[in-house]
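# Examination of the molecular architecture
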Amino acid sequence: MKRSSGVRICALAVGGTLSLALVTGCSGGSSEEESARKSTAPSVRALSATQLKQRILAQGEVDGYKVNAVGDGAPVKSKVRTSDEKCRPLAYVLTGLAPADAPAEIGRTVREDKKDPTDDATSLDDLADGKFESALKDSLNLDVTSLDLSSYDGRGAEDAMKAVSTALKDCAAGFTGGTSGDEQKITKVTAVKPSGAGDESVAFTAITDMDGDKAPLHAEVVRHGNTLATYFTMNIGAMMAGKTYTVPQTVIKAQSAKLN
């Protein structure tokens, strides 16, 4: 009875992290394995910006997609705002950034290389209204993914993954966030099945409300050792047509191959 009560009290103390409590808590001390992990973790050093540049996807390395540098318009973490501080990791990801500050970080835009649809008309202006709308949606029906690599010292990457998982629980009902002056209203956040790439991965869908029109945004964060690969995908054509889309698995596989 005494043992049973001790476990129950510990579970209440840690809230949602029951499994962690049963492994490392209520025993009066850490195991040798846990102690060793803690003592060795700080020795892990983050990759440099140069090393990340060598590891991030480059043009020609993923079939069917164009890879470009983000450029001068790249978002900056200091300009990201959120209505709830607990949701900041998700706001970062949905802005195309890593979920937590890192010693080194680099980004790319991976755009589906889709050929323009052929039509007898010489331009969109020559199309009837119905065909114009259809052609417009079709031309915008391509996946555009913001890819970000970030690297951390010690257990920083693991802590960042935990922050994403925690935010998914705390922010399920939505929040407002994004770069200052361009915040998005998110009405719902749902965890979805991740790719399973890397050492661990977390994926989610966020429903955004744009002037009453609701549409999904898709993201996934994958940990490879002490480096995170963050993917945020939009497909405006699919959103306009109410069609489903997701983070391209081809892109995740190609990037994972360069980090494994």
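Residues numbered from 1 in each chain as written. Predicted model: local features only at pLDDT ≥ 70, side-chain atom pairs only at ≥ 80, totals over all residues. Heavy atoms only, no water.

### Examining helix H7 (residues 156-170)
Working note: α-helix, 3.6 residues per turn, so residues spaced by three or four point in the same direction. As a reminder of what qualifies: Comment: elements are numbered from the N terminus, with helices defined as DSSP H or I runs of at least four residues and strands as E runs of at least two. Expected helix span is computed as 1.5 Å times (number of residues minus one). Burial classes follow relative accessibility: with a 1.4 Å probe on protein chains only, a residue under 20% of its type's maximum area counts as buried, one over 50% as exposed, and anything between as partly exposed. What the arc describes is the spread of directions from the helix axis to the C-beta atoms.
Between the first and last C-alpha of H7 there are 21 Å, a value that for 15 residues agrees with the 21 Å anticipated at 1.5 Å per step. Taken as a whole, H7 has its buried residues at Gly156, Ala157, Ala160, Met161, Val164, Ala167 and Leu168. Each buried residue of H7 lies within a common arc of 145° when the element is viewed along its axis, so the set occupies one face.

### Points about the pairing of strand E7 (residues 200-210)
How we decide: Pairing between strands is defined by DSSP: at least two bridges between them are needed.
A large share of E7 lies buried, amounting to 8 of its 11 residues. In the sheet, strand E6 (residues 184-192) pairs with E7 via 6 bridges, with the strands oriented antiparallel. Its bridge partner being in E7, Ala191 is matched across the sheet by Phe204. Relative to strand E8 (residues 213-224), E7 runs antiparallel, the two sharing 11 bridges. If you follow Asp209 over to E8, its bridge partner there is Lys214.

### Looking at the confidence of the model for the protein
Which entries qualify depends on this criterion: pLDDT is a residue-level measure of predictor confidence that goes from 0 to 100. Contacts are assigned to residue pairs that have any heavy atoms within 4.5 Å of one another.
Mean pLDDT for the protein: 82, with 75% of residues reaching 70 or above. Here residues 1-31 is a poorly scored stretch, pLDDT under 50, and it has 14 contacts once near neighbours within four places are set aside; other chains count. When the criterion is pLDDT under 50, residues 33-40 qualifies, and its contacts beyond four places in sequence or with other chains add up to 5 contacts.

### Quick word on the pairing of E8
Taken residue by residue, a regular strand's side chains alternate between the two faces of the sheet. Of all the 12 residues making up E8, 9 are buried; the element is thus mostly covered by neighbouring parts of the structure. One ladder, built from 7 bridges, connects E8 with strand E9 (residues 227-234); its direction is antiparallel. Bridging from a neighbouring strand, His224 pairs with Thr227 of E9. Hairpin geometry of E8 and E9 is characterised by an intervening segment of 2 residues between the two adjacent antiparallel strands and by a positive phi of about 65° at Gly225.

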